[in-house]
Amino acid sequence: MDPATMIATISIITAGLTIAIGSIGPALAEGRAAAQALQALAQQPDASNTITRTLFVSLAMIESTAIYCFVVSMILLFANPFVDVTALGGGG
Amino acid sequence: MEISPDAWVLYERRGLQLNATIVFTWGVMALLVLLSWAITTRLSEGETVSRWQVMLEVVVTTIRDQIDEVGAADPARYLPFIGTLFLFIATANLLTILPGYQPPTGSLSTTAALAICVLIAVPLFSITRRGLRGYLKSYLQPSPLMLPFNLISELSRTIALAVRLYGNVMSGTVIVGILISVAPFFFPILMQLLGLLTGLIQAYIFAVLAMVYIASASRTQRKNDPEPDAEHPRTSREGD
């Protein structure tokens, strides 16, 4: 296998692993946050404005962990810096 | 596939490149400036108030209330900066309903520039409020051992601000692009609706986080100098 193919293969596999493993934690955390918010809403319906706003903000902040993984995998797939290295004849 | 509007060059002449990011940023800026100019030249204090003025007043007072809720002592000081950040990002994200428009916040250059604005604004607001000594002392706050961690957190939260906004907007664009080739017509519209919601929430989060950083850096210590406005009076508000 020549270096370019090897780098492409490893990049694709790593991109898949990145988004797969990286989305487990945020998924669990978002579920937990939503469950707690529902419980709080059921107990205190008067505070629904504050709870909903805080929920949205914290969901977006939890989600940013998964977004970082997504950005890394997109960089690996579409803007891989190591593809140019092999194209220039280096590496290997 | 392109993951950034930077690569889409609209105009090129003698080494001068105008890519989609710059053009759409100028478009959003022009829209905001023209709209607010047209409204504020015809402000009235009388009994009849134009509906545009009502809209602007609602926007400005809501932003000021939100800044006040985060815990800044003096919302009017921070209103121009925070309000501009929120309105620019929200407009840039919401204009995706226009066909052919690429949000400039989907490019890492724009979001990095916005995050650097926050990075510079934090010490500026803090120094004008507490003085240079007070600002530098905040780096040694719990103990001098924490100095490197404070410096690292200053940098890492700037990068996190930039990448969070970029990743959210860019992922919306990429997912719509993938869905158009896989399942056209229906699902891309749903994802774009979701993208409008995400864009607005991200604009809110960016502004709130910038305000939290500024407020935590420019808060005066309570035990050392008993200023009257250090313990700002919290006005009670019903609902939101």
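Residues numbered from 1 in each chain as written. Chains lettered and ligands numbered in written order. Predicted model: local features only at pLDDT ≥ 70, side-chain atom pairs only at ≥ 80, totals over all residues.

K.L.:
Teacher, can you tell me more about the environment of L114 of chain B here?
P.N.:
Tracing the backbone through its elements, the reader meets L114 of chain B in helix 4 (residues 108-137). Spatially, the C-alpha atoms of L114 of chain B and G83 of chain B are 13 Å apart, while their sequence positions differ by 31 residues. (Helix = DSSP H or I, 4+ residues; strand = E, 2+ residues; numbered from the N terminus.)

K.L.:
Whenever I open this one, the pairing of strand 2 (residues 16-19) of chain B confuses me. Can you help?
P.N.:
In the case of a regular strand, side chains alternate between the two sheet surfaces. Sheet topology places strand 1 (residues 9-13) of chain B next to strand 2 of chain B; four bridges connect them, and they run antiparallel. Directly across from R13 of chain B, in strand 2 of chain B, lies its bridge partner L16 of chain B. (Pairing = 2+ DSSP bridges.)

K.L.:
How do you make sense of the nonpolar core when you look at a structure like this?
P.N.:
Generally speaking, nonpolar side chains in soluble globular proteins are found buried as a group. Within the largest apolar cluster, 42 residues are counted, with the highest numbers of intra-cluster contacts made by I82, L85, I89, F206 and A210 of chain B. Breaking this core down by element, the ones donating at least two residues are helix 3 (48-78) of chain A together with helix 1 (20-40), helix 2 (51-70), helix 3 (75-94), helix 4, helix 5 (147-182) and helix 6 (187-217) of chain B. The leading source of residues in this core is helix 6 of chain B, at ten residues. Residues within four places of I82 of chain B in sequence aside, it is in contact with I63, I67, A207, A210 and M211 of chain B. (Core = buried A, V, L, I, M, F, W, Y, C linked by C-beta atoms within 7 Å. Buried ≥ 20, exposed ≤ 12 C-beta atoms within 10 Å, placed from the backbone. Contact = placed C-beta atoms within 7 Å.)

K.L.:
How should helix 1 of chain B be read in this particular structure?
P.N.:
It helps to recall that an α-helix has 3.6 residues per turn; residues three or four apart then point in one direction. Residue and element names in this part refer to chain B. Taking 1.5 Å as the rise per residue, helix 1 with 21 residues should run 30 Å; its terminal C-alpha atoms sit 30 Å apart, in good agreement. Among all positions of helix 1, only A20, T21, F24, T25 and V28 are buried. Viewed along the axis of helix 1, the buried residues span an arc of 135 degrees, placing them on a single side of the element. More than 90 degrees from the buried face of helix 1, the exposed residues found are W26, A30, V33, L34, W37 and A38. Those residues of helix 1 that are buried lie in contact with strand 1, strand 2, helix 3 and helix 4. (Expected span 1.5 Å × (residues − 1). Arc of directions from axis to C-beta.)

These values are about where atoms sit, not about what they do.
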